[in-house]
Amino acid sequence: MEFVEMYSIRDGVDRSRILETFPRHKAFYEAFQADGGGLVALGPFQTTDPAGASMGIFTTHEDAERFIAGDPFITEGLAEPRILEWDAVRFE
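On a predicted model such as this, the values are computed, not experimentally measured, just so you know. Throughout this document, residue positions are counted from 1 along each chain, in the order its sequence is written. Totals for whole chains, interfaces and linings use every residue, but because this is a predicted model, local features are given only for residues with pLDDT of at least 70 and side-chain atom pairs only at 80 or more, for both listing and counting. Just so you know, side-chain values use all the structure's heavy atoms and leave hydrogens and water out.

Caption draft 1: Expanded view of the sheet that holds strand β4 (residues 79–86). In this scheme, strands are said to pair when DSSP sees at least two bridges between them. Each helix is a run of DSSP H or I of at least 4 residues and each strand a run of E of at least 2, with the numbering of both proceeding from the N terminus. Spatially, 4 strands are ordered β2-β3-β1-β4 in an open sheet, and the strand pairing comes out antiparallel. Because the sheet does not close on itself, it has two edges, and the strands there are β2 (39–44) and β4. Between one strand and the next, the sheet's axes are offset by a mean angle of 15°, whatever the strand orientation. Across 5 bridges, strand β1 (residues 2–9) lies against strand β3 (residues 54–58) in antiparallel orientation. By the bridge assignment for β3, Y7 is matched with S54. The sheet strands contacting helix α2 (residues 61–70) are β1, β2, β3 and β4, and the helix crosses β1 at an angle near 25°. Every angle, taken between N-to-C directions, lies between 0 and 180 degrees, and every axis is a line fitted to C-alpha atoms, over only the stretch in contact when it is a helix. By definition, residues are in contact when any of their heavy atoms lie within 4.5 Å.

Below, the structure written as structure tokens:
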């Protein structure tokens, strides 16, 4: 079982604020992953979708919650997160 964190950009947020905040977001996710935070993958969608601008995949619900608590996109009020439990079928 994995946990998918979906981010939707809040209404009225200017793209320039996203770009300005991205270096802090990147530093945060790199440190989170380096510290063993259970981050499997993350990134933005290339197709515009009102349900989500980006997503992350985590090994535990706790890791997903901890990520949300410290991510500058959330702490600076730019994005609205939600966590979904994902029962992925793997073909490895």
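Here the narrative resumes, following the displayed structure.
Caption draft 2: Main features of the nonpolar core. Working definition of a nonpolar core: buried Ala, Val, Leu, Ile, Met, Phe, Trp, Tyr and Cys residues. They are joined through side-chain atoms within 4.5 Å. Only protein chains enter the accessibility calculation, which uses a 1.4 Å probe; a residue whose area is less than 20% of its type maximum is buried, one above 50% is exposed, and one in between is partly exposed. If you look at the biggest cluster of nonpolar residues, it comprises 15 residues, and the most contacted ones within it are Y7, F32, L39, F58, F67 and F73. Put simply, the parts of the chain that give this core at least two residues each are α1 (15–34), α2 and α3 (72–75). Take this core: its biggest share by element is 4 residues, from α1. Beyond its immediate stretch of four places on either side in the chain, F73 contacts Y7, I18, T21, F22, H25, L78 and A79.

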